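Residue strings, one per chain:
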Amino acid sequence: MDGAITGLIIGAVLTVLILVWMMLSRKPVKCAACGREQPAVRTPKNAQQAMWGGYTCVGCGAELDAKGALKKS
Ligand SMILES: [Zn+2]
């Protein structure tokens, strides 16, 4: 099979798996800084958040990862 097509298929499968995982693993995330619960429906601020499920805290604006831990950046 052509290498480029194989890569596309693997990428598509991974994208679907990540989306399913994000839907199944969704639970309230609390900000590590201020303790505020983040809304279940989040608006990704950038491609990285869309991809990996990070948050920008609705309370204090802190950058959080998918588990609500503060991101050190
Ligand atoms: Zn916060």
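Predicted model only: the values in this text are computed from it and were never measured.

Focus on the coordination of the zinc ion
Phase 1 of the analysis: Distances from the zinc ion to its protein donors, Cys 31 (SG), Cys 34 (SG), Cys 57 (SG) and Cys 60 (SG), fall at 2.3 Å.
Phase 2 of the analysis: Considering all 4 donor atoms around the zinc ion, the spread of angles at the metal, 103 to 115°, places the coordination shape in the tetrahedral class.
Phase 3 of the analysis: Within one chain, the residues serving as donors to the zinc ion are arranged as C-x2-C-x22-C-x2-C.
Phase 4 of the analysis: Relative accessible area serves as the criterion here: at 44%, Cys 60 is assigned to the partly exposed category.

So, a nonpolar patch on the surface
Phase 1 of the analysis: There is a patch of nonpolar side chains on the surface, built from Ile 5, Ile 9, Ile 10, Val 13, Leu 14 and Leu 17 and spanning about 550 Å² of accessible area.
Phase 2 of the analysis: Structurally, Ile 5 can be placed in helix H1 (residues 3-24).

As for the confidence of the model for the chain
Phase 1 of the analysis: In this model, the chain carries an average pLDDT of 85, and 92% of its residues clear a pLDDT of 70 or more.
Phase 2 of the analysis: Per-residue pLDDT, averaged within each element of the chain, yields its smallest value for helix H2 (residues 47-52) (74) and its largest for H1 (91).

Topic: the environment of Glu 37
Phase 1 of the analysis: Inspection of the secondary structure assignment puts Glu 37 in the loop between H1 and H2.
Phase 2 of the analysis: Assessed through its relative accessible area of 45%, Glu 37 is described here as partly exposed.
Phase 3 of the analysis: When the C-alpha positions of Glu 37 and Val 58 are compared, they lie 8.2 Å apart, and in sequence the two are 21 residues distant.
Phase 4 of the analysis: Contacts of Glu 37, omitting those with residues within four sequence positions, involve Pro 28, Val 29, Lys 30 and Val 58.

A word on the environment of Gly 11
Phase 1 of the analysis: Examined against the element boundaries, Gly 11 turns out to sit in helix H1.
Phase 2 of the analysis: Each C-alpha atom, one on Gly 11 and one on Glu 63, is 27 Å from the other, the two residues being 52 residues apart in sequence.

The rules we used
Residues numbered from 1 in each chain as written. Predicted model: local features only at pLDDT ≥ 70, side-chain atom pairs only at ≥ 80, totals over all residues. Heavy atoms only, no water. Donors = N, O, S within 2.8 Å, 3.2 Å for Na, K, Ca; no water. Tetrahedral: all angles 85-135°; square planar, octahedral: opposite > 155°, others 65-115°. Buried < 20%, exposed > 50% of the residue type's maximum accessible area, 1.4 Å probe, protein only. Patch = residues over 30% accessible without salt bridge, like charges linked within 9 Å, V, L, I, M, F, W, Y side chains within 5 Å. Areas by Shrake-Rupley, 256 points an atom, 1.4 Å probe, with all protein chains shown as cover. Salt bridge = Lys/Arg side-chain N within 4 Å of Asp/Glu carboxyl O. Helix = DSSP H or I, 4+ residues; strand = E, 2+ residues; numbered from the N terminus. pLDDT = per-residue confidence, 0-100. Contact = heavy atoms within 4.5 Å.

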